[in-house]
Structures are given as structure tokens and as C-alpha cells.
Amino acid sequence: MTQLGKDIFAAGEKPMRIEEAAAWLAARAPATPDVETISIFEADGRILAHDLIAPLALPGFDNSAVDGYAIAYKDLAATCESVLPIGGRMAAGRSFDPVGGGDLSGKAVRIFTGAMIPPGMDTVFMQEDCRLTEDGRVILPPGLKPGDNRRMRGEDINVGALALAAGRRLAPEDIGLAAALGLDRLTVRRRLKAAIFSTGDELVCPARPRMEGALRAPDAYDANRFLLGALLRRQGLEVTDLGILPDDKAQIAAALHKAAKGHDLIVSSGGVSVGEEDHVKAAILEQGSLHFWRLAIKPGRPLAMGVIDGAPFVGLPGNPVAAFIGFVFVARALIAALSGARFNPPLAVPVISGFAYRKKAGRREFLRASLSRDASGELTAEKYAGQGAAVLTSLTRTRGFVDLAEDTVEIAPGDRVNFIDYDLIR
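Residues numbered from 1 in each chain as written. Predicted model: local features only at pLDDT ≥ 70, side-chain atom pairs only at ≥ 80, totals over all residues. Heavy atoms only, no water.

- The name recorded for the protein in an unreviewed UniProt entry is Molybdopterin molybdenumtransferase, from Methylocella silvestris.
- Turning to the protein, the UniProt annotation filed under Sequence similarities (unreviewed entry) states: "Belongs to the MoeA family."
- Recorded in UniProt under Pathway (unreviewed entry), the annotation for the protein is "Cofactor biosynthesis; molybdopterin biosynthesis." (UniProt positions renumbered as here; feature names shortened; annotations may be inferred.)

See the structure below:
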């Protein structure tokens, strides 16, 4: 496991923008040095450890993009139809089948998609544009340009060119490219291991009976641990569930110490403020270091970033929407750095606001919203009614965030706003 220094998360007291926090983590959090070579069948979602240089050209030879007839452009009439004898047949994966000798001067060749362009030929007519004469010649219409319907050797990628850069999270199309280049194994970073836990005597696991009484509020089902576990797995991590830890500093400290020995990351939510029952903070300070990052966002509050026996700790807010936002915009950047991946900031797209809203200047706000198309075809965002940081349905019944910048104070229906789809950040 990568060992971090105690003060790696000491970022000062100044409130940070989310982009600053992500860049700060990318610059300082070290990537795991451990790599493994695996089958491309198992490589989806893994982080490429080294640049992949193309060992061959794609395509490897000039070939036809269509079924039709290959010709030498110089053999065509300038302004009218051309009539050429057929000198052979060329199919993909097969040798040339000549007709009437091997000299192709002034002739056409019947060719199929993917087949090699015969020597001396440079243009292909689509078969549906051509006609055959009764004596077996082909009539070619005017209007094509030299090189039409020909795929050139190396036009996709040339030998020696960068095919895939190190740090790329491999997607199905990347695996397809590797296979096309003749590779069946790729070297990737080791999967990170994360431990997650919740704290609180008031929490209970789903499906367990809840305690309640006349002077005691009913227990709450623990949601954040499952939310965060799913988000971590989507980032390709192996997740160990430490369950719900009691409000006991000694037990929390023992669990943290044990988790730090076998995990690259420890994640929790809640329990790191200054209350008498917030024992996580005291336990971490005894084991390592803890720093509170002030992020000027809503929903959200300071994130706890710490180090326990060399392992990074992330303490997210206790409210589930705030925990979700803290994870996708900050913890995800840390995970990318630790796993050797390039972190791509979320891509916001402009949409039309279907609502009015006012906010404070100097604070970034993320409003949960759904999308629809108005009568003119414009994408329109509608704000969910319940915007509280504890309202889980504000995530489940919407499509993404309307992202309001720090200097925005008011929007009106019809204004352009930035929208971030959940699928791009989780």
C-alpha cells in the first residue's frame, strides 16, 4: 500500500473551489506503483499503467470502404460514363482472382469491403452506382474524385503512434482498439482497496429492527455506507464494509488502525465535527492527522481529509446528498490520483432554466434537477422541490445538477444554466 505523509492534506484555512481541490489532490496524492498484466477481456474499467504505442498500422493496407469496383482514376473518361472490362475479383481475406490475365491497365476489379486495393488502382465505385453490360463490362458514372471510397494504410493510426495514454480508464472502445492492434493483454494499475464505515449509536443496518421509546427517537437506517460503497465500486475499487462502529473512541481507533494496514483508502460519513459524540475526529487525531477543507459549496460543509498509519482518510458530510456531492467532486479526484488515472472534471452542458432561484454570492450551489424538452426542442431543467441535503429523493427523481457558479446570485426562467448529468460523475 502507498504510504502518505501526515501533512499531505494540510491545505490551509482559505475556502477552496472544487476545481482547486481536485487539482491540489492530483498534484500531491501519489499513485500506487503496483501493476499487473491482465487479459483484455478483464480490462474494462481498469487504469492503463503505461502508454500503449501502436505496434502496427490500422488499417495495415489500402482497402475498399464499400462493395463495388476498383479502378485507376486515370482510366476514366473526363466528363461522361466510362465502360471498362472487369479484370478480376478481390474479396477481404482472399488472394486476387484474375480474369483474362494479370494486367489490370484500363480495367476494373470487382471488390468488396475491406479487401486490398489492387496495385495501380486508387478509387472505388459503389456497386449501386454501376451497371453491367451484356458482355460483362462495367459502366461507371462520372463525378467521383480520385481516392473516393478508399481507406488508406495507417489513416486510423500509424505504427509507432500513441494509441492509448497511461492513466486512461479503459472503456470498451479502448479494448477494441487494443485487440485490433493485435494485443490480448494490457498492463494496468492494481485495483485500490477501500474500507468504509459509519458511526452512530442511532444507526442500524437495513432490515434490522429499530429501537424506539417514549423518550428515544427511532433508530435511523444507515444509507450512506451503501451509497458510498456503490460509488466506490463504480470507480473500480474493492470495498471492505466495516459496518457501523459504535460511538466509542477506543473501538473506532482500533478499527481505523486495522483498516489502514490493508487498504489504500478509508471513507466514512458524519461524526467528524466538534460535538461530544463525534469520536471519529478524536480517534483519527490519535492515530494520525486530520484537516478540514472548507469548500464553498451547497449542499456540503468542510470535508475531513486525514492520514491514518499512512493511509488516506476521507470524512464526508453526514447528510446523504452532501456526501454524494463531496464524493463525486472531491473524493473521486483523490481516487483518480491514487489509482494513477487522469481526473476529468465533469462536463457541464448549457440548458434552459425552467425555474427562478436566488442564492448567495461566493458559494457554488448544486441544484438537483430533471430535464425535458420544451416546445422548441430546447433542453429545459426543472428544479426538484425538495433541495435539502438529507433528501435522497432529490437524487433518485432527477437527472443531474444545475451548477450555479460562485458569482451567480439569481436566475430566471429562460436563462442559460450549466447542467451536469449524474452519469458523467459517478
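1. Focus: the packing of aromatic side chains
For step 1, the next point in the chain: What the rule picks out here adds up to nine aromatic pairs.
For step 2, the next point in the chain: Note on phenylalanine 324 and tyrosine 422: the rings are 5.9 Å apart at their centroids and 80° apart in plane angle, and the pair reads as edge-to-face. Taken together, the residues phenylalanine 324 in helix 6 (residues 320–338) and tyrosine 422 in the segment after strand 30 (416–421) connect sequence positions 98 residues apart.
For step 3, the next point in the chain: Using a relative accessible area of 5% as the deciding quantity, one classes phenylalanine 324 as buried.
For step 4, the next point in the chain: With a centroid separation of 4.6 Å and an interplanar angle of 25°, the aromatic rings of phenylalanine 329 and phenylalanine 366 are classed as stacked. One end of the pair, phenylalanine 329, is in helix 6; the other, phenylalanine 366, is in strand 26 (residues 364–373), and 37 residues separate them in sequence. (Phe/Tyr/Trp six-rings, centres within 6.5 Å; stacked < 30°, edge-to-face > 60°. Helix = DSSP H or I, 4+ residues; strand = E, 2+ residues; numbered from the N terminus. Buried < 20%, exposed > 50% of the residue type's maximum accessible area, 1.4 Å probe, protein only.)

2. So, the side chain of glutamate 365
For step 1, the next point in the chain: Checked against the element boundaries, glutamate 365 lands in strand 26.
For step 2, the next point in the chain: You can call glutamate 365 buried: its relative accessible area is 2%.
For step 3, the next point in the chain: Excluding its chain neighbours within four sequence positions, the residues that come into contact with glutamate 365 are Lys298, Tyr357, Lys359, Lys360, Val402, Asp403 and Leu404. (Contact = heavy atoms within 4.5 Å.)

3. Regarding the sheet that holds strand 15 (residues 193–199)
For step 1, the next point in the chain: What the six strands build is an open sheet, ordered 18-15-19-23-22-20; its pairing is mixed. Either end of the sheet is taken by a strand with one partner, and the two such strands are strand 18 (238–245) and strand 20 (288–293). Averaged over neighbouring strand pairs, the angle between their axes works out to 20° when direction is ignored.
For step 2, the next point in the chain: Relative to strand 18, strand 15 runs parallel, the two sharing six bridges. Its bridge partner being in strand 18, isoleucine 196 is matched across the sheet by aspartate 241.
For step 3, the next point in the chain: With respect to the sheet, helix 6 is in contact with strand 19 (265–269), strand 20, strand 22 (303–308) and strand 23 (311–316), its orientation differing from that of strand 23 by roughly 165°. (Pairing = 2+ DSSP bridges. Axes fitted to C-alpha atoms, helices over the stretch in contact; angles between N-to-C directions.)

4. A few points about the pattern of salt bridges
For step 1, the next point in the chain: Under the criterion given, the structure shown has 19 salt bridges.
For step 2, the next point in the chain: Residue aspartate 135 is joined to arginine 137 by a salt bridge in which the shortest nitrogen-to-oxygen separation is 3.2 Å.
For step 3, the next point in the chain: Of the residues examined, aspartate 135 reaches a relative accessible area of 53% and is grouped as exposed.
For step 4, the next point in the chain: For glutamate 410, the salt bridge goes to arginine 358, with nearest N and O atoms at 2.8 Å. One end of the pair, glutamate 410, is in strand 29 (residues 410–411); the other, arginine 358, is in strand 25 (residues 357–358), and 52 residues separate them in sequence.
For step 5, the next point in the chain: Look at glutamate 410 and you get partly exposed, because its relative accessible area is 49%.
For step 6, the next point in the chain: Taking relative accessible area as the criterion, arginine 358 reaches 59% and is therefore assigned exposed. (Salt bridge = Lys/Arg side-chain N within 4 Å of Asp/Glu carboxyl O.)

5. A few points about helix 6
Working note: α-helix, 3.6 residues per turn, so residues spaced by three or four point in the same direction.
For step 1, the next point in the chain: Of all the bends in helix 6, the greatest, near 45°, is centred on phenylalanine 327.
For step 2, the next point in the chain: Of all 19 residues that make up helix 6, 19 are buried, and the element is covered over most of its length.
For step 3, the next point in the chain: After helix 6 finishes, the residue glycine 340 shows a positive phi value of roughly 80°. (Bend = angle between axes of the 7 residues up to and from the residue.)

6. Observations regarding the nonpolar core
For soluble globular proteins, the rule of thumb is that nonpolar side chains tend to be buried together.
For step 1, the next point in the chain: Grouped together as the largest cluster of nonpolar side chains are 48 residues, with contacts concentrated most on Phe9, Leu232 and Phe329.
For step 2, the next point in the chain: For this core, the secondary-structure elements that each account for two or more residues are helix 1 (18–28), strand 15, helix 3 (224–234), strand 19, strand 22, strand 23 and helix 6.
For step 3, the next point in the chain: Counting residues per element, this core draws most heavily on helix 6, which supplies 14 residues.
For step 4, the next point in the chain: Viewed by domain, this core spans two of them, domain 1 (18–34 + 191–339) and domain 3 (348–424), each represented by three or more residues.
For step 5, the next point in the chain: One finds Ala195, Ala255, Val280 and Ala311 within the second-largest nonpolar core, a separate group that totals 18 residues. (Core = buried A, V, L, I, M, F, W, Y, C linked by side-chain atoms within 4.5 Å. Domains from an automatic or database assignment.)

7. Let's talk about the environment of alanine 11
For step 1, the next point in the chain: Here alanine 11 lies in the segment before helix 1.
For step 2, the next point in the chain: Distance from alanine 11 to alanine 21, taken between C-alpha atoms, is 9.0 Å for residues 10 residues apart in sequence.
For step 3, the next point in the chain: Residues within four places of alanine 11 in sequence aside, it is in contact with Met16, Trp24 and Trp293.

8. Some thoughts on the packing of helix 1 against helix 6
For step 1, the next point in the chain: Where helix 1 meets helix 6, the axes come as close as 8 Å, and the angle between the chain directions of the two elements is 20°. Judged by the inter-axis angle, helix 1 sits roughly parallel to helix 6. Where helix 1 crosses over helix 6, the two elements pack in a sense that is right-handed. Seen from helix 1, the contacting residues are Ile18, Ala22, Leu25 and Ala26; seen from helix 6, they are Phe329, Val330, Ala333, Leu334 and Ala337.
For step 2, the next point in the chain: Split into classes, the residues belonging to the contact of helix 1 with helix 6 amount to nine nonpolar, no polar and no charged. (Parallel < 35°, antiparallel > 145°, perpendicular 65-115°, else oblique. Left-handed = near helix turned anticlockwise from the far one by under 90°. Nonpolar A, V, L, I, M, F, W, Y, C, P; charged D, E, K, R; others polar.)

9. Describing the sheet that holds strand 5 (residues 82–84)
For step 1, the next point in the chain: The strand order 5-11-10 describes an open sheet built from three strands, whose pairing is antiparallel. Each having just a single partner strand, strand 5 and strand 10 (131–132) make up the two edges of the open sheet.
For step 2, the next point in the chain: Relative to strand 11 (residues 138–140), strand 5 is paired through three bridges, and the arrangement is antiparallel. From the neighbouring strand, leucine 84 faces strand 11, where its bridge partner is valine 138.

10. Examining the packing of helix 3 against helix 6
For step 1, the next point in the chain: Where helix 3 contacts helix 6, the axes come no closer than 11 Å and their chain directions differ by 30°. In terms of their interaxial angle, helix 3 and helix 6 are classed as roughly parallel. For the crossing formed where helix 3 meets helix 6, the hand is right-handed. For the pair helix 3 and helix 6, contact is made by Asn224, Leu227, Leu228, Leu231 and Leu232 and by Pro320, Ala323, Phe324, Phe327, Val328 and Ile335, respectively.
For step 2, the next point in the chain: The class makeup of the residues in the contact of helix 3 with helix 6 is 10 nonpolar, one polar and no charged.

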